[in-house]
Amino acid sequence: MNEPLKVYTQEEFNTEEPYKLLYSHRDDGFRYLQLFNELAANAEKVGFRRFGTMVKAYFAQHGDKKSMNSVVNNVTNFKDQPIELYTGDWIANDEGIVRRNDKQGIDIACTHPILPVQRLVNIEDESVRLRLMFRRNYGAWGSVVAPKKALFTANGIKDLADKDISVSDKNASYLVEYLQNIDDLNHDIIPKVQSVSHLGWTKTGHFCPYTGNLEFDGQDNFRKIFRSVRSEGTLEAWVSEVRKVRKTNSPAKIALAASFASVVLKTIGKLNFIVHLWGGTETGKTVAQLMAASVWADPNDDANFMQTFNGTVVGLEQQAGFVNNLPLILDEFQLVKDKKSFEQAVYMLCEGIGKTRGAKTGGLQNTLTWKNCTITSGESPITHNASGGGSVNRIIEIECRDKLFEDAHGLLEVIRTNYGHAGRLFMGFLSTEGAREKAKNYYKQFYQELGTSSTEKQTMAAAAILTGDALATEWIFCDGRALTVADIEKHLHTKENVDVGVRGFEYIQDFCVSNQAKFESGSDPCLGSIKGDEVRIIRNNFEKICEDGGFNPKALLSWLDQNGRLTKDSQGNLYKSTNVYGKSARCACINVADNIQKKTDTINEYRSLLGTLKRNKENIPLEQLKTEYRKGYDQLTQKIQSMTREILQDVALKGLQIERAEADQRYTEINLAIRKSGIMKKASQAAFVQQDADLVLEYAGQLREIVHGIVKGCERNAS
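The sections below set out a description of the structure shown in this document. (Residues numbered from 1 in each chain as written. Predicted model: local features only at pLDDT ≥ 70, side-chain atom pairs only at ≥ 80, totals over all residues. Heavy atoms only, no water.)

### Re the overall build of the protein chain
Phase 1: If you tally the helices and strands in the protein chain, you get 28 helices and 22 strands.
Phase 2: For the protein chain, the proportion of its 719 residues judged to be buried stands at 49%.
Phase 3: Counted over contacts in the protein chain with a minimum sequence separation of 6, partners at least 24 positions apart contribute 67%.
Phase 4: In the structure as shown, the protein chain presents an accessible area of about 35,700 Å², 47% of it carried by carbon and sulfur atoms. (Helix = DSSP H or I, 4+ residues; strand = E, 2+ residues; numbered from the N terminus. Buried < 20%, exposed > 50% of the residue type's maximum accessible area, 1.4 Å probe, protein only. Contact = heavy atoms within 4.5 Å. Areas by Shrake-Rupley, 256 points an atom, 1.4 Å probe, with all protein chains shown as cover.)

Written out as structure tokens, the structure reads:
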């Protein structure tokens with residue numbers, strides 16, 4: 001039992017005696033707190049107002065470094081604690097964390113042990129998180145990572161209740177104060193480690209999780225996936241089994257190659273893309289995805305590396321940002337309810353950047369970015385007739401009619417217990433400067449070999465897949481069975497497939513054929529009329545037909561006009577007032593004659609020539625083109641120059657009607673306006689500098705507006 005404490009006078013508080021007594025109990029937490037509170041009450045009663053300042057001065061004078069920032073010098077006293085930390089005036093033991101307050105009461109921060117054991121500093125944004133360890137009822141220690149801004153606010157820290165930490169409105173402010181005190185008092189003691197919130201390449205050049213010994217500090221729902229990127233079993237067992245698949249003609253080889261290509265994209269600086277396996281059930285599409293996943297991670301269901309489409313666009317964005325450069329693997333496309341609106345998700349995944357969002361505290365949240373390949377599967381294609389050219393362009397769709405594997409069960413048995421080695425070894429090679437240069441050279445080679453039958457984005461994706469496979473063949477499989485151009489070229493969309501205008505026109509043709517009765521006199525409803533090679537669709541009906549098919553009416557009319565498929569009125573309006581069974585109506589007058597196809601063929605040939613010029617300039621120095629390859633280069637540029645002039649004239653002058661007597665004057669005015677506009681020079685740059693056929697056609701449209709505008713203006717003045 002403690003002896004009664006001496007009552008000190010105001011004068012005695014200016015001597016060392018009371019502070020010497022307090023100092024002698026500095027290592028006895030509870031007794032020290034008792035003494036401090038009693039002496040403080042004594043000092044207040046006798047009118048001594050500098051007691052706390054005198055205590056700090058005495059402790060500082062006697063070199064007690066642990067108490068410089070705190071009047072009291074307690075330490076954590078938890079059984080089997082991972083680290084011992086100073087707690088200031090808090091008493092922290094297995095019964096909980098408490099302190100005596102100025103009112104002689106008790107402040108309870110927490111009813112069980114909890115303390116910070118690690119400071120995680122993100123290597124990219126330098127934000128700091130704390131790893132807390134806690135224990136309830138003398139059980140095993142648990143762990144949670146949270147941002148300091150969440151731990152040091154009463155509202156934020158209450159989220160820890162979901163982790164079975166005892167915190168509520170009642171004690172939140174005390175727990176915040178305890179954690180902040182303990183963090184301040186032990187800033188140099190708590191171990192500091194570097195951390196990251198995603199997989200793949202970091203801004204510091206590390207590839208997570210293979211280099212840098214980086215801790216994960218991201219969202220809890222991704223922690224399990226982060227831990228799944230590891231090695232199990234042996235590389236030899238995995239390679240031996242996967243080689244059996246590579247001996248076949250299975251499309252699963254493309255999914256495997258895309259998995260390696262995903263991490264190569266950042267190295268060679270190329271665009272994101274999607275590989276989609278589709279077809280009936282029981283063909284092995286999901287097994288192919290699991291094989292692709294096993295390159296990097298645990299493919300078993302409980303590892304969660306492979307996800308499904310059962311989520312929101314925001315969820316897909318977060319997943320893509322998390323895997324970063326590793327492949328995003330999504331199964332069960334049939335789970336997407338609105339497949340037409342999914343097109344926006346395709347654009348988002350392939351652009352590699354998330355949506356800009358505001359932060360609750362003001363300003364903007366960090367915008368997620370990624371550079372990778374997405375490998376998907378489902379029972380149907382992702383694209384459809386009305387898909388925009390941009391989304392079709394970004395997806396390589398592979399129909400799976402036959403079984404992809406001879407022994408799917410045997411493959412699964414092996415990859416479920418042997419995984420993760422190939423990815424680590426692949427990155428070991430790719431991280432060297434020589435290997436990066438090799439990847440770029442492979443890409444250039446495959447890009448040239450693929451030719452110009454498909455679009456540039458499709459060709460880029462295919463070349464990246466072939467590059468990833470070539471590197472994996474050399475570094476991992478050593479079997480000489482790399483994919484060839486022929487293996488993948490058959491799965492690429494042609495330029496016509498990608499062109500949304502072509503698909504829109506075909507949709508209109510099919511609609512008119514299947515609904516021919518609705519274009520006859522007396523039909524109810526009457527959609528329009530058909531006269532020879534011209535289909536006249538009443539404006540409201542045309543717009544509804546387009547929208548029902550997922551096409552933009554205005555964009556489709558523009559394409560029909562540019563490709564000579566549309567008859568306009570004398571004012572150049574896209575809808576023409578015409579007779580439909582004795583009644584006047586504004587119609588889309590569409591020419592469906594087969595000979596119009598020649599113009600489409602011309603445009604496609606023009607795109608192909610520009611693609612050839614672009615590849616030549618990217619891969620051969622200009623001086624060498626003009627000397628060593630002069631003959632072929634001159635022929636190519638002359639052909640492009642001739643076709644550019646032909647296309648510009650054809651679009652600009654089509655349908656132009658000028659009175660013979662006014663021809664000379666009008667042509668003079670037209671030529672002057674064209675020179676002033678500078679469009680001819682811009683069109684030449686679009687062809688020879690940018691190799692952009694669409695931009696040339698855009699300038700042709702502008703030229704047409706100038707030419708027809710002059711003629712219309714003269715007609716109005718004359719009237």
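### Topic: the packing of aromatic side chains
Phase 1: Scanning the entire structure with this criterion turns up 25 aromatic pairs.
Phase 2: Summarising the aromatic geometry, the rings of Phe222 and Phe322 are spaced 4.6 Å apart at their centres and angled 5° between planes, so their arrangement reads as stacked. Of this pair, Phe222 sits in helix α7 (residues 220-228) while Phe322 sits in helix α11 (residues 313-323), and the two are 100 residues apart along the sequence.
Phase 3: Since its relative accessible area comes to 7%, Phe222 is described here as buried.
Phase 4: Phe322 gets classed as buried once you look at its relative accessible area, which sits at 3%.
Phase 5: A connected cluster of aromatic rings, assembled from ring pairs, spans Tyr8, Phe13, Tyr19, Tyr23, Phe36, Phe48, Phe51 and Tyr58. (Phe/Tyr/Trp six-rings, centres within 6.5 Å; stacked < 30°, edge-to-face > 60°.)

### Some remarks on the pattern of salt bridges
Phase 1: For the structure on display, the rule yields 30 salt bridges.
Phase 2: The closest approach of N and O atoms between Arg131 and Glu215, which form a salt bridge, is 3.2 Å. Separated by 84 residues along the polypeptide, Arg131 in strand β7 (residues 128-134) and Glu215 in strand β12 (residues 215-216) bring together distant segments of the chain.
Phase 3: Classification of Glu215 by relative accessible area gives partly exposed; the value is 30%.
Phase 4: Close ionic contact of Asp220 with Lys163 constitutes a salt bridge, the shortest N to O distance being 2.9 Å. Of this pair, Asp220 sits in helix α7 while Lys163 sits in the loop between α5 (154-157) and α6 (172-185), and the two are 57 residues apart along the sequence.
Phase 5: A relative accessible area of 34% places Lys163 in the partly exposed class.
Phase 6: The structure contains a network of salt bridges with shared partners spanning Lys6, Glu12 and Glu17. (Salt bridge = Lys/Arg side-chain N within 4 Å of Asp/Glu carboxyl O.)

### Considering unusual backbone geometry
Phase 1: Between Cys208 and Pro209 the backbone carries a cis peptide bond, its omega angle lying at 15°.
Phase 2: Relative to the helices and strands, Pro209 resides in the loop between β11 (207-208) and β12.
Phase 3: At the junction of Asp524 and Pro525, the peptide bond is cis and its omega measures out at 5° in the coordinates.
Phase 4: The residue Glu126 is not glycine, and still its phi comes out positive at about 60°.
Phase 5: Classification of Glu126 as exposed rests on a relative accessible area of 64%.
Phase 6: One non-glycine residue, Asn324, adopts positive backbone phi at about 65°.
Phase 7: Counting through the fold element by element, Asn324 comes out in the loop between α11 and β15 (328-331).
Phase 8: For Asn324, a relative accessible area of 8% corresponds to the buried category.

### Details of the environment of Phe542
Phase 1: Tracing the chain through its elements places Phe542 in helix α21 (residues 539-549).
Phase 2: Of the residues examined, Phe542 reaches a relative accessible area of 0% and is grouped as buried.
Phase 3: Measuring from C-alpha to C-alpha, the distance between Phe542 and Cys587 comes to 7.9 Å, with 45 residues separating the pair along the chain.
Phase 4: Beyond its immediate stretch of four places on either side in the chain, Phe542 contacts Ile508, Ile537, Pro553, Leu556, Leu557, Tyr575, Ala588 and Ile590.

### Remarks on the sheet that holds strand β5 (residues 106-110)
Phase 1: Spatially, β3-β4-β5 is the arrangement adopted by the three strands of the open sheet, whose pairing is antiparallel. For this open sheet the edge positions go to β3 (91-93) and β5, each flanked by a neighbour on one side alone. For this sheet, the mean angle separating the axes of adjacent strands, direction not counted, is 20°.
Phase 2: In terms of strand pairing, β3 meets strand β4 (residues 96-100) through three bridges, oriented antiparallel. Bridge pairing in β4 links Asn93 to Gly96. (Pairing = 2+ DSSP bridges. Axes fitted to C-alpha atoms, helices over the stretch in contact; angles between N-to-C directions.)

### A short note on α21
Phase 1: Among all positions of α21, only Phe542, Ile545, Cys546 and Gly549 are buried. Projected down its long axis, α21 shows its buried positions confined to an angular sector of 95°, all on one face. Within α21, the exposed residues directed more than 90 degrees away from the buried face are Asn540, Lys544 and Glu547.
Phase 2: Gly550 lies just past α21 and shows a positive phi near 85°. (Arc of directions from axis to C-beta.)

### Describing the nonpolar core
Phase 1: The biggest cluster of nonpolar side chains holds 101 residues, and the ones touching the most others in it are Trp238, Phe260, Phe426 and Ile465.
Phase 2: Counting residues in hydrophobic clusters, the runner-up holds 31 residues, among them Ile603, Leu636, Ile647 and Val651. (Core = buried A, V, L, I, M, F, W, Y, C linked by side-chain atoms within 4.5 Å.)

### Comments concerning the pairing of strand β18 (residues 528-531)
Phase 1: In the sheet, β18 pairs with strand β19 (residues 534-538) via four bridges, with the strands oriented antiparallel. Within β19, the residue paired with Gly528 across the bridge is Ile537.
Phase 2: Counted along the chain from β18 to the antiparallel partner β19, the turn is two residues long, and its residue Gly532 has a positive phi close to 65°.

### A closer look at the packing of helix α9 (residues 252-268) against helix α15 (residues 421-430)
Phase 1: Running from amino to carboxyl end, α9 crosses α15 at an angle of 25°, the nearest separation of the two axes being 11 Å. The angle between α9 and α15 falls in the class roughly parallel. In the crossing of α9 with α15, the sense of the turn from one axis to the other is right-handed. Together, Phe260, Val263, Val264 and Thr267 of α9 and Ala422, Phe426, Met427 and Leu430 of α15 make up the contact between the two elements.
Phase 2: Grouping the constituent residues of the contact of α9 with α15 by class yields seven nonpolar, one polar and no charged. (Parallel < 35°, antiparallel > 145°, perpendicular 65-115°, else oblique. Left-handed = near helix turned anticlockwise from the far one by under 90°. Nonpolar A, V, L, I, M, F, W, Y, C, P; charged D, E, K, R; others polar.)

### What about the side chain of Asp469?
Phase 1: You can see Asp469 is positioned in helix α17 (residues 456-477).
Phase 2: Judged by relative accessible area, which is 3%, Asp469 ranks as buried.
Phase 3: One polar contact links Asp469 to Arg246, side chain to side chain, over a distance of 3.2 Å.
Phase 4: Leave out the neighbours within four places in its chain, and Asp469 touches Arg246, Ala257, Arg481, Ala482 and Leu483. (Polar contact = N/O pair within 3.5 Å; in protein donor to acceptor, adjacent residues only side chain to side chain.)

### Focus on the side chain of Thr374
Phase 1: Looking at where Thr374 falls in the secondary structure, it is placed in strand β16 (residues 373-378).
Phase 2: Sequence-distant contacts of Thr374, defined by excluding residues within four places in its chain, comprise Phe273, Ile274, Val275, Leu328, Leu330 and Leu349.

### A short note on the pairing of strand β13 (residues 273-278)
Phase 1: Counting buried positions along β13 gives six out of six residues, so the element sits mostly inside the fold.
Phase 2: The alternating pattern of β13 places Phe273, Val275 and Leu277 and Ile274, His276 and Trp278 on opposite faces, both of which are buried.
Phase 3: Bridge count for β13 against β16 is six bridges, and the pairing is parallel. Counted as the bridge partner of Phe273 is Cys373 from β16.
Phase 4: Bridge count for β13 against strand β17 (residues 395-399) is five bridges, and the pairing is parallel. Pairing of His276 across the sheet is with Glu397, part of β17.

Limitation: the analysis is restricted to geometry and does not speak to function.
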